[in-house]
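# Coordinate inspection notes
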Amino acid sequence: MRDYISIYINGEPRQIKGDHAFMTLSDYLRYERGLVGTKVVCAEGDCGACTVLIGNARSLKDGDFEYVPVNSCISFMHILDGCHIVTVEGLKNGDELNEVQKSMVDNHGAQCGFCTPGFVCALNAGAEASASSGKKFTEKKVKNALTGNLCRCTGYKSIIEAGLNIDMAKFEPLTSKYDSAEILKNLRSDIAKATRVKSETNEVYLPTKLSDAIEHVRGDDCVLISGASDLGVLYNKRGYDPSSLLGLHNIEEMNQIIKGEGEVFIGARVNLHKIEQELRDELYEFTHMIHIFASPQIKNRATLVGNIANASPIGDSIPFLMVMNAKIILIGSQGERVVNINDFYQGYKKLDMKDDEFIKGVSIPLLDEGEKVKLYKTSNRKDMDISIVTFASKFKVNEDKIEDIQIAVGGVGPVVMRVEQTENELKGKTFNKSAFESASMILKKEVTPIDDVRGTANFRRILSKNMLLKFYAEESLNISRGGK
Ligand SMILES: Cc1cc2nc3c(=O)[nH]c(=O)nc-3n(C[C@H](O)[C@H](O)[C@H](O)COP(=O)(O)OP(=O)(O)OC[C@H]3O[C@@H](n4cnc5c(N)ncnc54)[C@H](O)[C@@H]3O)c2cc1C
Ligand code: FES
Ligand code: FES
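Quick caveat: nothing in here was measured; it's all calculated off a predicted structure.

### Details of the UniProt feature "domain: FAD-binding PCMH-type" (unreviewed entry) in the protein
In the UniProt entry, the feature "domain: FAD-binding PCMH-type" (unreviewed entry) is given for residues 197–369. Counting secondary structure, residues 197–369 comes out at 28% helix and 27% strand; the distance between its end C-alpha atoms is 50 Å.

Listed below in structure tokens is the structure:
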């Protein structure tokens, strides 16, 4: 059993022990390593000032590291076990700026400069992905790469220009700058062994076998931690600091997506980035929605299972999973138990999950012949914003008749709601405007929102109704154009 977290920082191996394992990465870099290029502004994943790059020994691309951006302010050291971390200091070549850094200077991409290291790291990740795919770093890709970064004084035009003017012919990817083979060999040998790290007040256990995780949950009142995009914010902003944590990231099957007959299994430690990359064919609409889920930095850490377990009434994945009748696979000392997600939420943040159980993964049935799915998210701005109301529908229309329809709406009650009265009103009806107009009036009454800072209850009722009408308008246009 190891008693340390194994990481590399800018090509140097580090064994992280004791209190250091429970620090956020940004604090560790700044206060323990003096790498003060990494800045902290919001400390809640929203501004990107703390962005660094990580290559994870568990999720390689074409056999090598895939360096992706993450928010270091909400990443604990222990969840980075097995990662190579590259900070803004680790990008330069000796005393020379790298091509991304040079382009920021040449294109006047910084005024006060406080946000700049985060922008440089985010752009570097985008350039890295373009270099590895052999495709151009286009304006769309530059803008996507910068979704999670805020600048208060330069303005984005010159930063985007900096991205577009990176000299890609001279850009050296981190996979060639650092000795991947050596780093990978050492990290992989470490993460093959379970680790338990303790400080005076905290303990984290990272087993390599599912059976050890089950055994641990039985005897210990521990908190499961995945990407920490929720738990990291709670730690920074509310002082939530559980004394015992269990992480599943060194258990191989927890990092897997399994494409089975008629369904896909997504392990508890699979992040949204991986789902977006690997399940485009199987879950097209959902992977499309992941585009507007948070930022690249968050999606590189946040897991689907974390979103399910967080149980937010505005969790963006939940309406989709409900209409798909996704199966939550729970595991504990009594064995495995499968719960339909529609029965999983028993009240605000109350789950059908026993104290000695945790989520092993989620199985999502694929669409049958003739079935379609539509997903909508309404928020005050398109990118990086919390939903006000979310909407999902799975449906089958046969010769103008609505053969079957499932609808789930989020942000309109203590949990995401399946609106069965509205569904029943539509089932068997002709797919036309009058059917949807009367169903939308039922939906408006069926949802149970409250007033809050993002919108009044009445606003949310109207939004829900209008989303159903939008769904009808889009789909009827599609049908009239001969779309399936
Ligand atoms: C800046 C920012 C933007 C965000 N944007 C969005 C957004 O657009 N849409 C959205 O829906 N959410 C958003 N979120 C919320 C968050 O990213 C998601 O809820 C995410 O999916 C959580 O996953 P995680 O792996 O980080 O979970 P963690 O933070 O690790 O854990 C979340 C909860 O799940 C529990 N848990 C984790 N794993 C398991 C398991 N295997 N079994 C049982 N319980 C478990 C934890 O104990 C904890 O209670 C955002 C968060 C931030 C900070
Ligand atoms: S400091 Fe703002 S995202 Fe980390
Ligand atoms: S240069 Fe000042 S915040 Fe971006």
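### Describing the site of ligand 1
Taken together, 34 residues are adjacent to ligand 1, and Leu224, Ser226, Ser229, Asp230 and Thr303 come closest. Here an oxygen atom of ligand 1 and a backbone polar atom of Leu231 are 2.9 Å apart. Between Ile359 and ligand 1, the recorded distance is 2.9 Å, taken from a backbone N or O atom to a nitrogen atom. Listing elements by their share of the shell around ligand 1, those giving two or more residues are strand E8 (223–225), helix H9 (231–238), helix H13 (304–310) and strand E16 (357–365). It is H13 that provides the largest number of residues to the shell around ligand 1, a total of 5 residues. Taken together, the residues of the shell around ligand 1 sort by class into 19 nonpolar, 9 polar and 6 charged.

### Digging into the packing of helix H16 (residues 433–446) against helix H17 (residues 457–480)
The geometry of H16 relative to H17 is characterised by a closest axis approach of 8 Å and an angle of 160° between their N-to-C directions. Here H16 is positioned roughly antiparallel relative to H17, judged by the angle of their axes. The handedness of the crossing between H16 and H17 is right-handed. Residues Lys433, Phe436, Glu437, Ala439, Ser440, Met441, Leu443, Lys444 and Lys445 of H16 touch H17, and the partners they reach there are Arg461, Ile462, Ser464, Lys465, Leu468, Leu469, Phe471 and Tyr472. Partitioned by chemical class, the residues of the contact of H16 with H17 number 9 nonpolar, 2 polar and 6 charged.

### Some details on the domain arrangement of the protein
What the domain assignment reports for the protein is domain 1 (5–183), domain 2 (192–247), domain 3 (252–365) and domain 4 (376–480). Distance between the C-alpha centres of domain 1 and domain 2: 26 Å. On the domain 2 side, the residues contacting the 17 residues of domain 1 number 21 residues. Roughly 1,400 Å² is buried in total at the junction of domain 1 and domain 2, and carbon and sulfur atoms are behind 71% of that figure. It is Phe22, Ile74 and Phe76 that lose the most area in domain 1 upon contact with domain 2, and together they represent 41% of the buried surface on that side.

### Here's the deal with the nonpolar core
Grouped together as the largest cluster of nonpolar side chains are 59 residues, with contacts concentrated most on Ile275, Leu304, Ile308, Ile341, Phe344, Tyr345 and Ile364. Counting residues per element, this core draws most heavily on helix H14 (residues 318–323), at 5 residues. Sequence-distant contacts of Ile364, defined by excluding residues within four places in its chain, comprise Gly262, Glu263, Val264, Ile266, Leu283, Leu304, Phe320, Leu321, Met324 and Ala326. Counting 34 residues, the second-largest nonpolar core is a separate cluster that includes Ala57, Phe65, Ala125 and Ile160.

Rules used throughout
- Residues numbered from 1 in each chain as written.
- Chains lettered and ligands numbered in written order.
- Predicted model: local features only at pLDDT ≥ 70, side-chain atom pairs only at ≥ 80, totals over all residues.
- Heavy atoms only, no water.
- UniProt positions renumbered as here; feature names shortened; annotations may be inferred.
- Helix = DSSP H or I, 4+ residues; strand = E, 2+ residues; numbered from the N terminus.
- Near = heavy atom within 4 Å.
- Polar contact = N/O pair within 3.5 Å; in protein donor to acceptor, adjacent residues only side chain to side chain.
- Nonpolar A, V, L, I, M, F, W, Y, C, P; charged D, E, K, R; others polar.
- Axes fitted to C-alpha atoms, helices over the stretch in contact; angles between N-to-C directions.
- Parallel < 35°, antiparallel > 145°, perpendicular 65-115°, else oblique.
- Left-handed = near helix turned anticlockwise from the far one by under 90°.
- Contact = heavy atoms within 4.5 Å.
- Domains from an automatic or database assignment.
- Buried area = accessible area lost by both parts, 1.4 Å probe.
- Core = buried A, V, L, I, M, F, W, Y, C linked by side-chain atoms within 4.5 Å.
- Buried < 20%, exposed > 50% of the residue type's maximum accessible area, 1.4 Å probe, protein only.

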